[in-house]
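Residue strings, one per chain:
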Amino acid sequence: MSFLLDPFAASFVQRALLTGALVAVICGVVGTWVVLRGMAFLGEAMAHGMLPGIAVATLLGIPPVLGAAVSASGMSVGISMLQRRGRLSADTSIGLLFVASLALGVIIISASRSFATDATAILFGDILAASAADIAMLAVVALITLVVAIGGHRSFVAVTVDPRQAQLLRLRPRVAHVLLVGLITLAVVAAYQAVGSLLVVGMLLGPAVAAGRWTTRIPSTMALAGLIGTAAVALGLLISWHAGTAAGATVAFVAILSAVVSALAHRILSPLTQGRLRVRAERNS
């Protein structure tokens, strides 16, 4: 028991666990829609698109999270403009801005001789350095995410299933799409502190994919994804403590690994469950 509990006796690990749990809730809700709508590439582009904003904010001495928010928002607006005015496909628009933002961020960092922030912290996060202010911010973001997800649930489902039908039902599919992109932006920026810009997609996708194997309803998938994500954070911190590995990267790896474990478990248990159901059906008949 001491092997499991000793790491969480430290106050900074407790803050890291709470931070990661809030990130898991946010990413569990948003990641479910990312998976259902096939928006993983957009989420990755948002994550990389934060780099220029973070670099500029650090050089100006303002909170990096503000720069991340501005940069990620600019990425979403730029993608929308390229699709409408440039008549480019979604993946082409995302690919262009994705590479441009990443390159610009590296240029800003490399050109500045006074860059005070460790680039690895930007790319891979520093969850162990989470403060009470970070936790409070994440709590607010989690609340906003839940309110928007609940309020827009019907429109999100309609847009995912059939955008034309959503238009006929006056559910405003364009507004729903904008809200979803906004939620992705919010989740990516919120998770940046915990796992960094490169690994945030792992928290978005891993738990949601893992949960999708066991649920049939969207709210259930979100709830289970949040639980799996929280477990991934706890296990990642535990492994990081004893193995001396980077905490954020370990958490992200465990989150992705949860999808693999879930797929294997489902493949093993599904035939057994179906066999029991058949036996029961035969007995009842």
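The structure presented is a predicted model; accordingly, all values stated were derived computationally and were not measured. (Residues numbered from 1 in each chain as written. Predicted model: local features only at pLDDT ≥ 70, side-chain atom pairs only at ≥ 80, totals over all residues. Heavy atoms only, no water.)

Peer 1: Explain the overall build of the chain to me, please; I cannot follow it from the model alone.
Peer 2: On a plain count of helices and strands, the chain comes out with 12 helices and zero strands. Scanning the chain from its N terminus toward the C terminus, one meets helices and strands in the order α-α-α-α-α-α-α-α-α-α-α-α. Of all intrachain contacts in the chain linking residues separated by at least 6 positions in sequence, the fraction that spans at least 24 positions is 74%. Surface summary for the chain: the accessible area is close to 14,900 Å², and the carbon and sulfur share equals 66%. (Helix = DSSP H or I, 4+ residues; strand = E, 2+ residues; numbered from the N terminus. Contact = heavy atoms within 4.5 Å. Areas by Shrake-Rupley, 256 points an atom, 1.4 Å probe, with all protein chains shown as cover.)

Peer 1: In this structure, what is going on with helix α7 (residues 132-151)? I would like to understand it.
Peer 2: Counting along an α-helix, one turn takes 3.6 residues, and residues three or four places apart therefore face a common direction. Under the 1.5 Å per step criterion, the end-to-end length of α7 is 29 Å for 20 residues, consistent within 8% with the ideal 28 Å. When α7 is considered as a whole, its buried residues turn out to be D134, I135, L138, V141, A142, T145 and A149. Taken end-on, α7 shows its buried residues confined to a sector of 125°, consistent with a single buried face. Turned more than 90 degrees away from the buried face of α7 sit A132, A133, L143, V147, I150 and G151, all of them exposed. (Expected span 1.5 Å × (residues − 1). Buried < 20%, exposed > 50% of the residue type's maximum accessible area, 1.4 Å probe, protein only. Arc of directions from axis to C-beta.)

Peer 1: What am I meant to see in the nonpolar core here?
Peer 2: The nonpolar side chains of soluble globular proteins are, as a tendency, buried together. Among the nonpolar cores identified, the biggest contains 66 residues, and L42, M46, M50, I184, V188, M203 and L237 are the most heavily contacted of them. It is helix α10 (residues 173-212) that provides the largest number of residues to this core, a total of 19 residues. (Core = buried A, V, L, I, M, F, W, Y, C linked by side-chain atoms within 4.5 Å.)

Peer 1: Explanation requested: the packing of helix α4 (residues 64-85) against helix α5 (residues 90-111) in the structure shown.
Peer 2: Geometrically, a packed helix pair is captured by the angle between its two axes and the distance between the axes. One way to put it is that α4 packs onto α5 with a least axis distance of 9 Å and a crossing angle of 140°. Between α4 and α5, the crossing angle belongs to the class labelled oblique. Of the two possible hands of crossing, α4 and α5 adopt the one that is right-handed. Residues M75, G78, I79, L82 and Q83 of α4 form the contact with α5, whose participating residues are A90, S93, I94, L97, F98 and S101. Looking at the contact of α4 with α5 residue by residue, the class counts come to seven nonpolar, four polar and no charged. (Axes fitted to C-alpha atoms, helices over the stretch in contact; angles between N-to-C directions. Parallel < 35°, antiparallel > 145°, perpendicular 65-115°, else oblique. Left-handed = near helix turned anticlockwise from the far one by under 90°. Nonpolar A, V, L, I, M, F, W, Y, C, P; charged D, E, K, R; others polar.)

Peer 1: I tried to follow a nonpolar patch on the surface on my own but got confused; where do I start?
Peer 2: A contiguous nonpolar surface patch, about 470 Å² in accessible area, is contributed by F253, L257, V260, V261 and L264. Within the secondary structure, L257 sits in helix α12 (residues 247-284). (Patch = residues over 30% accessible without salt bridge, like charges linked within 9 Å, V, L, I, M, F, W, Y side chains within 5 Å. Salt bridge = Lys/Arg side-chain N within 4 Å of Asp/Glu carboxyl O.)

Peer 1: Got a minute to help me understand the layout of surface pockets in this structure?
Peer 2: To find leftover empty space, one rolls a probe the size of a water molecule over the atoms. Space inside the largest pocket adds up to approximately 640 Å³. Lining the largest pocket we find 22 residues, and of these I79, S80, Q83, H177 and V181 sit closest to its centre. Where the lining of the largest pocket is concerned, the elements lending two or more residues are α3 (40-60), α4, α5 and α10. For the lining of the largest pocket, the element with the highest residue contribution is α10, accounting for six residues. For the lining of the largest pocket, a count of residues per class yields 12 nonpolar, six polar and four charged. (1 Å grid on protein atoms, 1.4 Å probe; cavity = no way out; pocket = protein on both sides within 12 Å on 5 of 7 lines; lining within 4 Å. Points joined across faces, edges and corners; volume = space filled by probe spheres on them.)

Peer 1: What am I meant to see in the packing of aromatic side chains here?
Peer 2: For any pair of aromatic rings, the description consists of the separation of the ring centres together with the inter-plane angle of the planes. Counting across every chain of the model gives three aromatic pairs. Taking the centre distance of 5.6 Å and the plane angle of 75° together, the rings of W33 and F156 count as edge-to-face. Separated by 123 residues along the polypeptide, W33 in helix α2 (residues 11-37) and F156 in helix α8 (residues 153-161) bring together distant segments of the chain. There is no split in this pair, since W33 and F156 are both buried. (Phe/Tyr/Trp six-rings, centres within 6.5 Å; stacked < 30°, edge-to-face > 60°.)

Peer 1: Help me understand the side chain of T185, please; the structure alone is not making it clear to me.
Peer 2: Position of T185 relative to the elements: it lies in helix α10. For T185, a relative accessible area of 9% translates into the label buried. A polar atom in the side chain of T185 sits 2.9 Å from the backbone oxygen of V181. Leaving out residues up to four positions away in the same chain, T185 has contacts with M46, A72, S73 and S76. (Polar contact = N/O pair within 3.5 Å; in protein donor to acceptor, adjacent residues only side chain to side chain.)

Peer 1: Before we go on, may I ask you to explain the environment of A191 in this structure?
Peer 2: By secondary structure assignment, the location of A191 is in helix α10. Along the sequence, A191 and A24 sit 167 residues apart, while their C-alpha atoms lie 8.6 Å from each other. In this structure, A191 is in contact with V23, C27, G196 and V200, ignoring residues within four places of it in sequence.

Peer 1: Mind showing me how you'd approach helix α11 (residues 218-243) here?
Peer 2: With 26 residues, α11 extends 36 Å between its outermost C-alpha atoms, agreeing within 8% with the 38 Å of an ideal straight helix rising 1.5 Å per residue. Note on α11: the residue one or two positions beyond its end, G244, has a positive phi of about 70°.

Peer 1: Teacher, can you tell me more about the confidence of the model for the chain here?
Peer 2: Regions with low pLDDT carry predicted coordinates that are not meant to be interpreted in detail. Here the chain shows a mean pLDDT of 83. Residues at 70 or above account for 89%. Mean pLDDT per element in the chain: helix α6 (residues 119-124) is the minimum at 68, and α11 is the maximum at 94. (pLDDT = per-residue confidence, 0-100.)

Peer 1: Sorry if this is basic, but what is going on with the environment of V141 here?
Peer 2: Locating V141 in the fold gives a position in helix α7. Measuring from C-alpha to C-alpha, the distance between V141 and A187 comes to 8.0 Å, with 46 residues separating the pair along the chain. Each residue touching V141, except ones within four places of it in the same chain, is listed here: I26, L186 and A190.

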